[in-house]
Amino acid sequence: MEPTISFFSGFTPNDLLFLGEAALRTLWISVLSITIGTALGVLFGWVLYEGKLAATLTVAPVLDIFRSVPLIIQLVLFYNFAPIVGLNLDPFASGVVILTIYTASLVANVARGGIEAVETPMRRAARSLGMTYWQDLRYVVFPIGGRAVFPAWVGVALGVMKDSALVSVLGYVELLKASQILITRTQEPFLILTIAGAFYFALSYPISRYAASLERKWAQ
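Residues numbered from 1 in each chain as written. Predicted model: local features only at pLDDT ≥ 70, side-chain atom pairs only at ≥ 80, totals over all residues. Heavy atoms only, no water.

Engineer: Just to check I follow, could you spell out the overall build of the chain for this structure?
Structural biologist: In terms of helices and strands, the chain carries eight helices and zero strands. Along its sequence from the N terminus, the chain presents helices and strands in the succession α-α-α-α-α-α-α-α. Referenced to the eigenvectors of the C-alpha coordinate spread, the extents of the chain come out at roughly 75 × 50 × 20 Å. With 220 residues in all, the chain has 37% of them scored as buried. Across the chain, contacts joining residues at least 24 apart in sequence account for 73% of those joining residues at least 6 apart. Element-wise, carbon and sulfur atoms account for 68% of the exposed surface of the chain, whose accessible area totals about 12,300 Å². With 15 positive and 13 negative side-chain charges, the chain shows a spacing of 11 Å between the two charge centroids. (Helix = DSSP H or I, 4+ residues; strand = E, 2+ residues; numbered from the N terminus. Buried < 20%, exposed > 50% of the residue type's maximum accessible area, 1.4 Å probe, protein only. Contact = heavy atoms within 4.5 Å. Areas by Shrake-Rupley, 256 points an atom, 1.4 Å probe, with all protein chains shown as cover. Lys, Arg positive; Asp, Glu negative; His and termini not counted. Charge placed at Lys NZ, Arg CZ, Asp CG, Glu CD.)

Next comes the structure, spelled out in structure tokens:
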């Protein structure tokens, strides 16, 4: 007979392993979406900062839509309408696409703020030293601006990690979906949600602590 956790006869060690695997799936979809979304967000932020009329008129409204429309609606609409245009994506791929675009829409404003944080005289000084425009971005703007907005980016990343729970509506078995499955079977909502919350904490807390240590190091 399979051993069970004391006082919770419906919950077994295998269920705990199931939640652990779901937590890894949450981490995977989050890391993938945040990484790609951050890269796109920096690009979009640069476009917004440069203020080219055509780019501003095309990029800014799209980013505003993804920032404004609830994420769960974006997920459901994309997953159901993608096959109409020939994109037969599974729940994981659909979740990555929407989470990536959602992350990019948030990071775009953060990136633009970082570029604006670098004062014009500093950039002029870099150009007077013979740096090209792209060297100025790489060696002056991105390092200084990145440090200025790093806390905001960490907030976005942690928020996206928690928002990844919404991908469960598509059927992707991440941490929240796994919890729902176990609650239905075991009827132990308090125990299972407590464990799920502990897993979310275990995923998020090291990131926030590492970010805080980096900020202290940069402040020295």
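Anyway, onward from the coordinates.
Engineer: Mind showing me how you'd approach the nonpolar core here?
Structural biologist: Within soluble globular proteins, side chains that are nonpolar tend to cluster in buried spots. In terms of nonpolar packing, the biggest core is built from 18 residues, with Ile 29, Leu 71, Leu 75, Leu 99, Val 160 and Val 167 touching the most fellow members. Secondary structure elements with two or more residues in this core: α1 (13–50), α3 (71–81), α4 (91–117) and α6 (133–163). By residue number, the principal contributor to this core is α4, which donates six residues. Those residues in contact with Ile 29 that lie beyond four places of it in its chain are Phe 92, Gly 95, Val 96, Leu 99, Ser 164, Val 167 and Tyr 172. (Core = buried A, V, L, I, M, F, W, Y, C linked by side-chain atoms within 4.5 Å.)

Engineer: Can you walk me through the UniProt feature "transmembrane region" (unreviewed entry) in the chain in this structure?
Structural biologist: Sequence positions flagged by UniProt for "transmembrane region" (unreviewed entry) are, in local numbering, residues 27–49, 92–115, 136–158 and 190–208. Between the end C-alpha atoms of residues 136–158 the distance is 30 Å, and the span holds 100% helix and 0% strand. Structurally, residues 190–208 is divided into 100% helix and 0% strand, and its ends, taken at the C-alpha atoms, are 26 Å apart. (UniProt positions renumbered as here; feature names shortened; annotations may be inferred.)

Engineer: Sorry if this is basic, but what is going on with the environment of Pro 206 here?
Structural biologist: With respect to the helices and strands, Pro 206 occurs in helix α8 (residues 189–219). Linking Pro 206 and Ala 219, residues 13 residues apart in sequence, is a C-alpha distance of 20 Å.

Engineer: Honestly, the environment of Arg 127 in this entry has me stumped. Any pointers?
Structural biologist: Secondary-structure assignment places Arg 127 in helix α5 (residues 120–128). A relative accessible area of 44% places Arg 127 in the partly exposed class. For the pair Arg 127 and Val 59, spaced 68 residues apart in the sequence, the C-alpha separation amounts to 28 Å.

Engineer: I keep staring at the side chain of Ser 30 and nothing clicks. Help me out?
Structural biologist: Note that Ser 30 resides in helix α1. According to the relative accessible area criterion, Ser 30 is buried, its value standing at 0%. Engagement of the side chain of Ser 30 in a polar contact is seen with the backbone oxygen of Thr 26, the distance being 2.7 Å. (Polar contact = N/O pair within 3.5 Å; in protein donor to acceptor, adjacent residues only side chain to side chain.)

Engineer: Looking at this model, I keep getting lost on the environment of Leu 129. Mind explaining?
Structural biologist: Its location among the elements puts Leu 129 in the loop between α5 and α6. The spacing of Leu 129 and Ser 208 is 79 residues in sequence and 37 Å in space, taken between C-alpha atoms.

Engineer: For this particular structure, what's the right way to read the side chain of Ser 179?
Structural biologist: Within the secondary structure layout, Ser 179 lies in helix α7 (residues 175–186). With sequence-adjacent residues up to four places away left out, Ser 179 is seen in contact with Leu 19, Ile 192, Leu 193 and Ala 196.

Engineer: Would you take a moment to explain the packing of α4 against α6 for this structure?
Structural biologist: Relative orientation and spacing of two packed helices are given, respectively, by the angle between their axes and the distance between those axes. Running from N to C, α4 and α6 point in directions that differ by 155°, and their axes come no closer than 8 Å. When the interaxial angle is binned, α4 and α6 end up roughly antiparallel. Viewed along their axes, α4 and α6 form a crossing whose handedness is right-handed. Residue-level inspection shows Leu 99, Tyr 102, Thr 103, Leu 106, Val 107, Val 110, Gly 113, Gly 114, Ile 115 and Ala 117 of α4 in contact with α6, the latter providing Val 141, Gly 145, Ala 148, Val 149, Ala 152, Trp 153, Val 156, Val 160 and Asp 163. Residue composition of the contact of α4 with α6, by class: 14 nonpolar, four polar and one charged. (Axes fitted to C-alpha atoms, helices over the stretch in contact; angles between N-to-C directions. Parallel < 35°, antiparallel > 145°, perpendicular 65-115°, else oblique. Left-handed = near helix turned anticlockwise from the far one by under 90°. Nonpolar A, V, L, I, M, F, W, Y, C, P; charged D, E, K, R; others polar.)

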